[in-house]
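Chain and residue survey
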Amino acid sequence: MIIDVHAHWGPWFFTMDVAGVNHATMDRYGIGHAIVSATEAVIYDPATGNRALAEWLAGTDRHFGYVTINPRRLAQAERDLQEYLPTGLFKGVKIHTDYTRSPADSPQTREALALVAAHGVPALVHTWGATVLDLARTCLDIPGLRVIAGHMGADGHRFAIEAANSCDRLYLEPCWSHAPARRIAEVAAAVNPDRLLFGTDSTLIDPSSAFGAVAAAQLAPDVAEKLAWRNAAALFNLPV
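Just so we're clear, the structure is a prediction, and the values are computed from it rather than from any experiment.

What follows concerns the overall build of the chain. Regarding its fold elements, the chain presents ten helices and seven strands. Taken over the C-alpha trace, the chain has a radius of gyration of 16 Å; the compact-globule value for 240 residues is 18 Å, and the two agree within 12%. The dimensions of the chain, computed from C-alpha atoms along their principal axes, are 45 × 40 × 35 Å. Contacts in the chain between residues far apart in sequence, at least 24 positions, make up 78% of those at least 6 positions apart. When the accessible surface of the chain is totalled, it reaches about 10100 Å², and 53% of it is carbon and sulfur. Distance between charge centres in the chain, computed from 19 positive and 25 negative side chains, equals 3 Å.

See the structure below:
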């Protein structure tokens with residue numbers, strides 16, 4: 001069993017036909033469940049993207065959703081959280097700090113994450129480089145907040161180690177378009193294995209990148225199982 005906590009649904013803004021490949025790609029890599037954000041919601045308009053994703057999720061039993069919110073549109077964010085979280089189809093919140101021009105330590109994102117904490121669900125937040133440290137500090141300042149550092153800082157994985165060890169409510173998922181040697185092994189050896197998750201960035205990136213990087217880390221069986229699905233099932237309260 002594998003649970004992908006960083007995946008997407010819907011077409012991208014460049015030529016890419018992904019409409020029919022999602023389940024086939026999951027089957028190829030043994031991914032049983034994926035938690036997805038609507039591409040339209042991430043890069044264009046959260047309201048229309050979340051609405052379309054909600055309609056699609058009603059017809060699948062292998063996917064759950066993230067309600068994507070823009071920290072600069074908090075009134076809309078609150079409306080979407082109140083509408084979609086009670087359905088059970090959505091298990092968390094997605095915030096892309098770059099597309100929204102809202103850094104992890106900005107007042108806007110802090111207010112958005114406080115809103116997420118009040119709803120009691122985890123948030124997947126885009127991180128890159130040292131911004132994962134900003135996310136950790138924000139998480140520490142907001143009681144009850146649980147955050148996933150998307151890409152675990154990408155080229156800043158050593159910052160991700162520091163961040164995870166400073167905040168016990170911060171989780172790491174490894175997807176990145178690059179796969180430097182020993183990146184995942186180094187992180188897994190240095191942080192609590194209960195806070196490791198698996199993510200692919202599908203459908204933007206083929207899951208083979210994340211799958212191969214994790215396999216190459218040669219994790220101990222109990223750590224690999226936690227990363228693959230156990231931690232995600234517990235964090236999102238998934239029925240697996």
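Take the nonpolar core next. Core analysis: the biggest nonpolar cluster contains 76 residues, and Ile69, Leu113, Leu170 and Leu172 have the highest contact counts within it. Residues within four places of Leu170 in sequence aside, it is in contact with Val132, Leu135, Ala136, Val147, Ala149, Ala163, Ala164 and Arg195.

This structure, assessed with the given rule, holds five aromatic pairs. Between Tyr84 and Phe90, the ring centres sit 5.4 Å apart and the planes meet at 40°, which makes this aromatic pair tilted.

What follows is about the sheet that holds strand β3 (residues 63-68). Ordered by their spatial adjacency, seven strands build an open sheet running β1-β2-β3-β4-β5-β6-β7, and the pairing between neighbours is parallel. Two strands in the sheet have a free side with no partner beyond their single neighbour: β1 (2-9) and β7 (170-172). Averaged over all neighbouring strand pairs, the angle between strand axes comes to 30°, with direction disregarded. Packing against the sheet, helix α1 (residues 22-29) makes contact with β1, β2 (31-38) and β3, and its axis sits at approximately 140° to β2. Across the sheet, helix α6 (residues 131-141) touches β5 (123-126), β6 (147-150) and β7, and the angle it forms with β6 is around 175°.

The next subject is the side chain of Asn70. On the secondary structure map, Asn70 appears in the loop between β3 and α4 (74-84). A polar contact of 2.9 Å, which involves the side chain of Asn70, links it to the backbone nitrogen of Arg72. Setting aside its immediate chain neighbours within four residues, Asn70 contacts Pro46 and Thr100.

Our next topic: the environment of Leu140. Inspection of the secondary structure assignment puts Leu140 in helix α6. When its relative accessible area of 44% is taken as the criterion, Leu140 is described as partly exposed. Beyond its immediate stretch of four places on either side in the chain, Leu140 contacts Ser166, Cys167 and Arg169.

Every α-helical turn comprises 3.6 residues, leaving residues that sit three or four positions apart pointing alike. Looking at α4, one finds that the buried residues are Ala77, Asp80, Leu81 and Tyr84. End-on view of α4: buried residues confined to an arc of 100°, all on one side of the axis. The exposed set on the far side of α4, more than 90 degrees from its buried face, consists of Ala75 and Gln82. On its buried side, α4 packs onto α3 (46-57), β3, β4 (90-95) and α5 (107-119).

Across all of its chains, the model carries three cavities of 30 Å³ or more by this definition. Together, Asp4, Ala7, His8, Asn22, Thr25, Met26, Ile31, Ala34, Val36, His63, Ser202 and Pro207 line the largest cavity. Where the lining of the largest cavity is concerned, the elements lending two or more residues are β1, α1 and β2. Split by residue class, the lining of the largest cavity holds six nonpolar, five polar and one charged.

Here the focus is helix α7 (residues 157-166). Of all the residues in α7, the buried ones are His157, Ala160, Ile161, Ala163 and Ala164. Looking straight down α7, one finds that the buried residues subtend no more than 165° of arc, so they occupy a single side. Looking at the packing, one finds that the buried side of α7 touches α6, β7 and α8 (183-190).

Rules of the game
Residues numbered from 1 in each chain as written. Predicted model: local features only at pLDDT ≥ 70, side-chain atom pairs only at ≥ 80, totals over all residues. Heavy atoms only, no water. Helix = DSSP H or I, 4+ residues; strand = E, 2+ residues; numbered from the N terminus. Rg over C-alpha atoms; globule rule 2.2 N^0.38 Å. Contact = heavy atoms within 4.5 Å. Areas by Shrake-Rupley, 256 points an atom, 1.4 Å probe, with all protein chains shown as cover. Lys, Arg positive; Asp, Glu negative; His and termini not counted. Charge placed at Lys NZ, Arg CZ, Asp CG, Glu CD. Core = buried A, V, L, I, M, F, W, Y, C linked by side-chain atoms within 4.5 Å. Buried < 20%, exposed > 50% of the residue type's maximum accessible area, 1.4 Å probe, protein only. Phe/Tyr/Trp six-rings, centres within 6.5 Å; stacked < 30°, edge-to-face > 60°. Pairing = 2+ DSSP bridges. Axes fitted to C-alpha atoms, helices over the stretch in contact; angles between N-to-C directions. Polar contact = N/O pair within 3.5 Å; in protein donor to acceptor, adjacent residues only side chain to side chain. Arc of directions from axis to C-beta. 1 Å grid on protein atoms, 1.4 Å probe; cavity = no way out; pocket = protein on both sides within 12 Å on 5 of 7 lines; lining within 4 Å. Points joined across faces, edges and corners; volume = space filled by probe spheres on them. Nonpolar A, V, L, I, M, F, W, Y, C, P; charged D, E, K, R; others polar.

Everything listed is a geometric property; what it means functionally is a separate question.
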